[in-house]
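Letter by letter, the chains look like this.
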Amino acid sequence: MKVFALPQRMFFSALLFFLILAVVQALDNGGGATTEPRQPCPRQAQKDNVRKKWPELVGLPAEKAAEKIRADLPWVRIVIVPPRAFVTMDYNHCRVRIFVDDARIVIQAPMVG
């Protein structure tokens, strides 16, 4: 049994490394699918009179919901979050996450953050 101890440790170390690498890459993408380039966020995004939630979009396809959000806030980065995806818990006033089901239908009211 001791003969396999070193290779087994190396295997689990490599597995852990690639798992951490996959998580970091997913977090770098915002936790979801987006093709938009990152741009600096304007100051007006921090104001209180800016719309922050869209409950009427629940039940719509993700692409239509993204279009309506883009019409209200053209500067936000829209991230479509697939089911069972990991997302960070940070607050970003220039990001709107759209949580969808397997059919890409909005299941939760999109909101800034």
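The structure contained in this document is the topic of the report that follows. Every residue gets a number counted from 1 within its own chain, in the order that chain's sequence is written. Where totals are concerned, whole chains, interfaces and linings use all residues; where local detail is concerned, this predicted model gives features only for residues with pLDDT of at least 70, and gives and counts side-chain atom pairs only at 80 or more. Calculation of side-chain values draws on the structure's entire complement of heavy atoms; hydrogens and water are dropped beforehand.

Some details on the side chain of R97
Heads up, the rule is: Each helix is a run of H or I in the DSSP string that is no shorter than four residues. Each strand is a run of E no shorter than two, and both are numbered from the N terminus. To sort residues, take the accessible area from a 1.4 Å probe on protein chains only and compare it with the maximum for the residue type: under 20% means buried, over 50% means exposed, and anything in between is partly exposed. Residues scored as charged are limited to Lys and Arg (positive) and Asp and Glu (negative), so that His and the chain ends carry no count. Any Lys or Arg side-chain nitrogen found within 4 Å of a carboxyl oxygen on Asp or Glu counts as a salt bridge. What qualifies as a polar contact is a pair of N or O atoms within 3.5 Å, subject to a donor-acceptor requirement within protein and to the restriction that residues adjacent in sequence count only when both atoms come from side chains.
Structurally, R97 is set in strand β2 (residues 95–99). Despite its burial, R97 remains without a salt bridge, the nearest opposite charge being carried by D90 at 4.1 Å. Among the polar contacts made by the side chain of R97, one reaches the side chain of T88 at a distance of 3.0 Å.

So, unusual backbone geometry
The backbone of R84 shows a phi angle near 60 degrees, a positive value even though the residue is not glycine. With respect to the helices, strands and loops of the structure, R84 is situated in the loop between β1 (77–81) and β2. Even without being glycine, R104 reaches a positive phi, approximately 65 degrees. Its place among the elements puts R104 in the loop between β2 and β3 (111–112).

Let's talk about the sheet that holds β2
For the record, the criterion: Note: two strands are recorded as paired if DSSP finds a minimum of 2 bridges between them.
Spatially, 3 strands are ordered β1-β2-β3 in an open sheet, and the strand pairing comes out mixed. Two strands in the sheet have a free side with no partner beyond their single neighbour: β1 and β3.

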